[in-house]
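# Report on the structure
Now for the letters of each chain:
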Amino acid sequence: MKHYFIGLLSFIVLFVFQTTAQAVDLNLPYGGEVETVKANNVNAQLNDLNQYPEYFIGTETRNTQIIIPDEPTLKMLNAALEMTTYLSNLSAYNKVKLLKESQVKTIFDATVIIGLENQFKNASFNELIRNSKVKDGLSLTIQPITLQQSTKNILVLTGEEDTVFEKIGVLTEEVFIQQLYGSQLTISNMPIIKNRTDINLITFKNMGIPSITLSGEKMNSDTYSYYMPYYPFIDMKASVELHLKVSEMIQSSQREKSNPLEELVLLVNNVPHSINLRNVKADRNGDIFIEVPLSKAVFTSSTFMNIQLTANGLLNNPKKWVYIDESSTLNFHVDKQTVSQFTFRFFPFPKTDEPITIVVPDLYRWSDLLAVYEALTINNKLPKITLIHTDDVKTDLLKKSHVIFIGGKKQHELLKDEVLVVHYNDKVPDLTEHGFFNVMEFAFIQNNPWDEDYALVVFDAVSNTDQYVPKEFAASLKMLGDNANIAVNGSGGKVHTNQAQITEKNLTQKLTSNMLDSNSFYLLFLFLFVVIALIVYVWRKRKKK
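As the structure is a prediction and not an experimental result, all values here were calculated from the model.

## Structural notes on the pairing of strand β10 (residues 150-158)
Burial within β10 is extensive, with 7 of its 9 residues counted as buried. Bridge count between strand β8 (residues 110-114) and β10: 3 bridges; the pairing is parallel. Across the sheet, residue Val112 finds its bridge partner in β10, namely Leu155. Between strand β9 (residues 138-147) and β10, which follow one another and run antiparallel, lie 2 residues, and Gln148 among them has a positive phi close to 50°.

## Observations concerning the packing of aromatic side chains
What the rule picks out here adds up to 6 aromatic pairs. Consider the rings of Phe120 and Phe125, whose centres lie 5.4 Å apart with planes at 70°: the pair is edge-to-face. The two residues Phe120 and Phe125 agree in class, both being buried. Between Phe405 and Trp450, the ring centres sit 6.2 Å apart and the planes meet at 35°, which makes this aromatic pair tilted. Of this pair, Phe405 sits in strand β25 (residues 402-406) while Trp450 sits in the loop between β28 (439-448) and β29 (451-461), placing them 45 residues apart in sequence. Phe405 gets classed as buried once you look at its relative accessible area, which sits at 0%. An aromatic cluster is built from Tyr52, Tyr55 and Phe56, whose rings are joined through pairwise contacts. Between the NZ or CZ atom of Lys100 and the centre of the ring of Trp366, over which it lies, the distance is 5.2 Å.

## A few points about the sheet that holds β29
Taken together, the 7 strands give an open sheet; going across it, the order is β24-β23-β25-β29-β28-β30-β31, and neighbouring strands pair in mixed fashion. Where the open sheet ends on each side, the last strands, each with one partner, are β24 (385-389) and β31 (495-497). Between one strand and the next, the sheet's axes are offset by a mean angle of 20°, whatever the strand orientation. When strand β23 (residues 356-360) meets β24, the two strands line up parallel, connected through 5 bridges. Note that in β24 the partner of Val359 across the bridge is Ile388. Relative to the sheet, helix α1 (residues 74-90) contacts β23 and β24, its axis offset from that of β24 by approximately 140°.

## Thoughts on the packing of helix α5 (residues 366-376) against helix α6 (residues 471-479)
In contact at an axis separation of 9 Å, α5 and α6 are set at 20° when each is read in the N-to-C sense. Classified by the angle between their axes, α5 and α6 sit roughly parallel to one another. The crossing of α5 and α6 is right-handed. On α6, the residues touching Ala371, Glu374 and Ala375 of α5 are Lys471, Ala474 and Lys478.

## Things to note about the nonpolar core
Counting residues in each nonpolar core, the largest one holds 70 residues, and the members touching the most others are Met83, Leu140, Ile358 and Phe459. Not counting residues within four places of it along the chain, the set of residues in contact with Leu140 comprises Leu49, Leu155, Val156, Leu157, Val170, Leu171, Leu180, Ser183, Gln184, Leu185 and Ile187.

## Description of the environment of Val393
Here Val393 lies in the loop between β24 and β25. The buried category is assigned to Val393, whose relative accessible area is 12%. In this structure the C-alpha to C-alpha distance between Val393 and Val359, which are 34 residues apart in sequence, comes to 7.8 Å. Sequence-distant contacts of Val393, that is, excluding residues within four places in its chain, are made with Val359, Ile388, Leu398 and Leu414.

## A closer look at the pattern of salt bridges
The full count for this structure, using the stated rule, is 10 salt bridges. Residues Glu173 and Lys381 are paired through a salt bridge, measuring 4.0 Å at the closest nitrogen-oxygen approach. You can see Glu173 sitting in the loop between β10 and α3 (174-177) and its partner Lys381 sitting in the loop between α5 and β24, a full 208 residues away along the chain. Judged by relative accessible area, which is 29%, Glu173 ranks as partly exposed. The shortest N-O distance in the salt bridge between Glu262 and Arg278 comes to 3.0 Å. Taken together, the positions of Glu262 in the loop between α4 (248-253) and β17 (263-268) and Arg278 in the loop between β18 (271-276) and β19 (288-293) put the pair 16 residues apart, joining distant regions of the chain. Across the pair, exposure class does not vary: Glu262 and Arg278 are buried alike. Salt bridges sharing common partners tie together Glu262, Arg278 and Lys320.

## Description of the packing of α1 against α5
Closest axis-to-axis distance for the α1/α5 pair is 10 Å, and the angle between their directions is 55°. Classified by the interaxial angle, the pair formed by α1 and α5 is oblique. As α1 runs across α5, the sense of the crossing is right-handed. Contacts between α1 and α5 involve Leu77, Asn78, Leu81, Glu82, Thr84, Thr85 and Asn89 on the former and, on the latter, Trp366, Leu369, Leu370, Tyr373 and Glu374. Classifying every residue of the contact of α1 with α5 gives 6 nonpolar, 4 polar and 2 charged.

Conventions and cut-offs
Residues numbered from 1 in each chain as written. Predicted model: local features only at pLDDT ≥ 70, side-chain atom pairs only at ≥ 80, totals over all residues. Heavy atoms only, no water. Buried < 20%, exposed > 50% of the residue type's maximum accessible area, 1.4 Å probe, protein only. Helix = DSSP H or I, 4+ residues; strand = E, 2+ residues; numbered from the N terminus. Pairing = 2+ DSSP bridges. Phe/Tyr/Trp six-rings, centres within 6.5 Å; stacked < 30°, edge-to-face > 60°. Lys NZ or Arg CZ within 6 Å of the ring centre and 35° of its normal. Axes fitted to C-alpha atoms, helices over the stretch in contact; angles between N-to-C directions. Contact = heavy atoms within 4.5 Å. Parallel < 35°, antiparallel > 145°, perpendicular 65-115°, else oblique. Left-handed = near helix turned anticlockwise from the far one by under 90°. Core = buried A, V, L, I, M, F, W, Y, C linked by side-chain atoms within 4.5 Å. Salt bridge = Lys/Arg side-chain N within 4 Å of Asp/Glu carboxyl O. Nonpolar A, V, L, I, M, F, W, Y, C, P; charged D, E, K, R; others polar.

See below:
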């Protein structure tokens, strides 16, 4: 996929190699433990930023921890959440943890410390921050530490003020990550990325599909799954542009009518799309580009697209092969649409490039935010997120943005009962009118009352608690695909929705509308009949005169 940006290299303004940096003696409560890594791990020691992200994604023998102060600023917390979410999605072992300073009992080899000077209670952490701090920009520094006579290197992120953490994209965007190297890097100015004109174009590579060669010896590829950003499926048109090369034997067989037909089959959600390899034409470089319109049968209510490639007619002949390049693309053809009524079928949200404002109450859990960030992640990409405390919210911030509230009416004065899908009686949610009982946590989605073109989502709980978003509940919402606007987390973690009620309500409204239309027709007919009768009566009366 093409990346459009201005001055991409200009954001790297300083490299300092710290091969002789003095190790900081790290003192931890509880004595502190040292994680050991097996010697056969070639990346056992962190030495260069170009080891990111692989060094930090967690393996069977390595845990990863991201440490921030007990009371971080929201900009700092947002950066830590985005980095944790990004690395967690790369990890197959779920070993990336976000920790408060007071929770740290072990220093792992893969450790990241995020903070500002004098924010930590631990003097050793503050010393690491001082050693890394720069006056202008976000500093990424590999720092040596000593713990129980063991020396290791960790990554420290800091700056002069918390606004520097808005540059966390340097560690979550592939186009920037590819440029990381050295043991110290200062990000003064992030490059400007132009508005994407190809937002609905996704390469096979970005979908996790590598370049593939099919032959008489291997005629089927693996099946690859890709999470589709939601669009109204019935209205969506899509195609796949394949970048191919075929062997000379297949090209020569194009003239041989007696040979079996060589065919490439693109299976999308088990719907076959056939490409006759005898009809393809290569350019002077031997490259073949074919656009394959996708059948409407592909677009079900599933949020996943499964893709497989199969070659037929190659007769177990290794000299007959077809190569599919990873630069092939999936193309969505979507007109700009607005959503008249948001339901959880639109969650996380219809378009992945729209901003999101998350409003937090006085008391909340980081685990709730991690669950929400994970639910908002599509193909390991997060939209632009603004994290803000409820007391600091201005209504302008709630416009031109999807809005998520952690907690309900009791925690947020901004939420007014008259515009909410779920009604509150004296700040207590009333879910019985929607057919629910025995509810622990719940969520509802509706049009944003501050900007109807965007969505409002509220995560709340029935009991007095500071946990509103269990991880499994948030993950279930992402997979629902229901035309429901209320979802509840019942006992045992089973999720229930009001989809049946919504369907019944819509059907009733449709029947009522049809009846009104029918009644209107009869009333109009009766009115015309009366008018005509009156005209005839007047005409006859005048004729008699």
